[in-house]
Amino acid sequence: MKEKKRPLGLYIHIPFCRSKCAYCDFYSLPHGEEAFKRYAAAVKRHLTETAPAAAGHQVDTIYFGGGTPTLLGHRLLLDILDTIARKYDVAKDAEITLEANPESAQEWRVLRKLRRGGFNRLSLGAQSADDEILRSIGRVHTWEQVGSAVAAARRAKWSNLSLDLIYGLPGQTMERWQDTVEQALALEPEHLSCYGLKVEEGTPLWARRDSADLPDDDQQADMYLWMVERLAAAGYGQYEISNFARPGRASRHNRKYWRMEEYAGFGPGAHSDFGEVRYAYARDLGAYMEGVEHGTLRVSESETLPARERDTEYIMLSLRTVEGISQYAFEHTYRQRFAPLDRTFQKYEALGCARRTEGGWALTPKGFLLSNTIITDLWEANGAEKVRREQAAARGDFRIVLP
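Residues numbered from 1 in each chain as written. Predicted model: local features only at pLDDT ≥ 70, side-chain atom pairs only at ≥ 80, totals over all residues. Heavy atoms only, no water.

Engineer: I'd like to hear about helix 12 (residues 327-334), residue by residue, with values.
Structural biologist: At the N-terminal boundary of helix 12, the capping side chain belongs to serine 326, with an oxygen 3.4 Å from the backbone nitrogen of tyrosine 328. Looking one or two residues beyond helix 12, the residue adopting positive phi is arginine 335, at roughly 55°. (Polar contact = N/O pair within 3.5 Å; in protein donor to acceptor, adjacent residues only side chain to side chain. Helix = DSSP H or I, 4+ residues; strand = E, 2+ residues; numbered from the N terminus.)

Engineer: Tell me about the environment of alanine 234, and name the residues and values.
Structural biologist: Inspection of the secondary structure assignment puts alanine 234 in the loop between helix 8 (217-233) and strand 9 (237-240). Residues alanine 234 and glycine 56, 178 residues apart in the sequence, show an inter-C-alpha distance of 41 Å.

Engineer: Before we move on, can you summarise the nonpolar core with the specific residues and values?
Structural biologist: Counting 98 residues, the largest nonpolar core has Leu10, Phe64, Ile325 and Phe345 as the members making the most contacts within it. Residues contacting leucine 10, with those up to four places away along its chain left out, are Leu47, Val59, Thr61, Ile62, Tyr63, Ile84, Tyr88, His253, Ala264 and Phe266. Of all hydrophobic cores here, the second largest spans 11 residues; its members include Cys21, Tyr23, Ile166 and Leu205. (Core = buried A, V, L, I, M, F, W, Y, C linked by side-chain atoms within 4.5 Å. Buried < 20%, exposed > 50% of the residue type's maximum accessible area, 1.4 Å probe, protein only. Contact = heavy atoms within 4.5 Å.)

Engineer: Describe the pairing of strand 11 (residues 263-266), and please don't skip the residues or the numbers.
Structural biologist: Alternating positions in strand 11 separate into two faces, Tyr263 and Gly265 on one and Ala264 and Phe266 on the other, with burial throughout. The sheet contact formed by strand 1 (residues 6-14) and strand 11 spans four bridges and is parallel. When the bridges of strand 11 are listed, leucine 10 appears paired with alanine 264. (Pairing = 2+ DSSP bridges.)

Engineer: I'd like a description of the packing of helix 2 (residues 74-87) against helix 3 (residues 108-116), backed by residues and values.
Structural biologist: The description of two packed helices rests on the angle between their axes and on the distance between the axes. One can describe the packing of helix 2 onto helix 3 by two numbers: an axis separation of 10 Å at closest approach and a directional angle of 5°. Between helix 2 and helix 3, the crossing angle belongs to the class labelled roughly parallel. Note on element contacts: helix 3 touches helix 2 through Val110, Lys113 and Leu114, opposite His74, Leu77 and Leu78. A breakdown of the residues in the contact of helix 2 with helix 3 according to their chemical character gives four nonpolar, one polar and one charged. (Axes fitted to C-alpha atoms, helices over the stretch in contact; angles between N-to-C directions. Parallel < 35°, antiparallel > 145°, perpendicular 65-115°, else oblique. Nonpolar A, V, L, I, M, F, W, Y, C, P; charged D, E, K, R; others polar.)

Engineer: Describe the layout of surface pockets, and please don't skip the residues or the numbers.
Structural biologist: Counted as a void, the second largest pocket has a volume near 220 Å³. Along the wall of the second largest pocket there are 15 residues; nearest its centre are Met260, Glu261, Asp273, Ala307 and Arg310. Looking at the lining of the second largest pocket, the element that brings in the most residues is helix 12, giving three residues. When grouped by side-chain class, the residues that make up the lining of the second largest pocket number eight nonpolar, two polar and five charged. (1 Å grid on protein atoms, 1.4 Å probe; cavity = no way out; pocket = protein on both sides within 12 Å on 5 of 7 lines; lining within 4 Å. Points joined across faces, edges and corners; volume = space filled by probe spheres on them.)

Engineer: Talk me through the side chain of histidine 141; I want residue IDs and the actual numbers.
Structural biologist: Residue position: histidine 141 is located in the loop between helix 4 (131-136) and helix 5 (143-155). Among the polar contacts made by the side chain of histidine 141, one reaches the main-chain carbonyl oxygen of alanine 126 at a distance of 3.0 Å. Here histidine 141 is in contact with Pro102, Glu103, Gly125, Ala126, Leu134 and Val146, once residues within four sequence places are set aside.

Engineer: Give me a negative patch on the surface: which residues, what numbers.
Structural biologist: On the surface, a cluster of negative charge is contributed by Asp216, Asp217, Asp218 and Asp222. Mapped onto the secondary structure, aspartate 218 falls in helix 8. (Patch = residues over 30% accessible without salt bridge, like charges linked within 9 Å, V, L, I, M, F, W, Y side chains within 5 Å. Areas by Shrake-Rupley, 256 points an atom, 1.4 Å probe, with all protein chains shown as cover. Salt bridge = Lys/Arg side-chain N within 4 Å of Asp/Glu carboxyl O. Lys, Arg positive; Asp, Glu negative; His and termini not counted. Charge placed at Lys NZ, Arg CZ, Asp CG, Glu CD.)

Engineer: How would you sum up the sheet that holds strand 16 (residues 354-356)? Please name residues and give values.
Structural biologist: Across the sheet, three strands lie side by side as 15-17-16; this open sheet has antiparallel pairing. At either end of the open sheet lies a strand with only one pairing partner, and these are strand 15 (325-326) and strand 16. Bridge analysis of strand 16 against strand 17 (residues 360-363) gives three bridges, and the strand direction is antiparallel. Of the residues in strand 17, the one forming a bridge with arginine 355 is alanine 362.

Engineer: Go over the environment of phenylalanine 330, please, and point to the residues and values.
Structural biologist: Tracing the backbone through its elements, the reader meets phenylalanine 330 in helix 12. Setting aside chain neighbours within four positions, we find phenylalanine 330 in contact with Asp311, Tyr314, Ile315, Ile325, Arg335, Gln336, Arg337, Phe338, Leu341 and Asn382.

Engineer: Can you tell me about helix 10 (residues 285-294), naming the residues and giving the values?
Structural biologist: For helix 10, the complete set of buried residues consists of Leu285, Tyr288, Met289, Gly291 and Val292. Viewed along the axis of helix 10, the buried residues span an arc of 165°, placing them on a single side of the element. On its buried face, helix 10 sits against strand 2 (16-17), strand 3 (29-30), helix 1 (36-50) and strand 11. A side-chain oxygen of the first residue of helix 10 lies 3.2 Å from the backbone nitrogen of glycine 286; this N-cap is aspartate 284. (Arc of directions from axis to C-beta.)

So this is what it looks like as structure tokens:
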């Protein structure tokens, strides 16, 4: 009987943008038009060289992220997508996402060409409905352009549209955040990603963080909890800390990350988890292109980690989702006892931060706000159990060692 192919996601990083936003820590470069064709050629070559390693896989999600992928132009984007279609086994119902900034997605005929060429999911970086706030963080679009981009996408027959929003922005009050959410809902997207602002060291916003009028942690928490309730009332189910979707519209590609499924990344700064190896490429456009062109491409980091040794990663990623952690999966995949975790969850259940599920535990919206603390406590409980079992093994007491 023919062996069933394993699912695989592909991530294509397009590291170009019109300008760098004040909060952005992703690898992207302003402008860079002179490198567009060379970069597209390098990505296609890299995809072609990697294809034999994916012969036992079927690609069921493809994600073009950035930067601003649409800056590359529809011809180069479709050329890259065509290379994937020719070199990989792509599922007929594959989810193929294209990120775009609103100002770069105004032409409905271009969007139609992209859709007809194979893209079927569009993710717009809207961020805020307040133009004053958009200017303060270095965004080059207006909210009016968000509306016109959505209209262009609908005219081009895109039926799966996502909007990115950010709360906790400079000068943002609860009222201004509520207005952003309401205006986003009025555009009727199928999906919303709503992220709390994180001021990363090295960004322009970091340098002026003390004078930027940033909402504090309590204010961000209030914004988050209100948002969860409002989106649920509007028919958007929460499936991850920051992600909400209408039924059947959750991002299949992003779910791969949280479910620890395989994905391969292409481009400078892109990460992969493929063939039990986690690796990434250096955040250097020139080095990436030269490495591909001369057959000397090297990863900047690499770690071989068999599935059974990923228990701490499983705890962290599963608890980002509303499904939460499965006791059966934890005990049978990682051969660890669940009891220490269960006791920790009970402590947080009493605080309203965790809830029992049919097969394990999940965090509540309140728990998502404290997820870093909760996950650290779970790691410590799991680590203590590992030490206890190692000590038992040294004594020859295998009643304790076996789960």
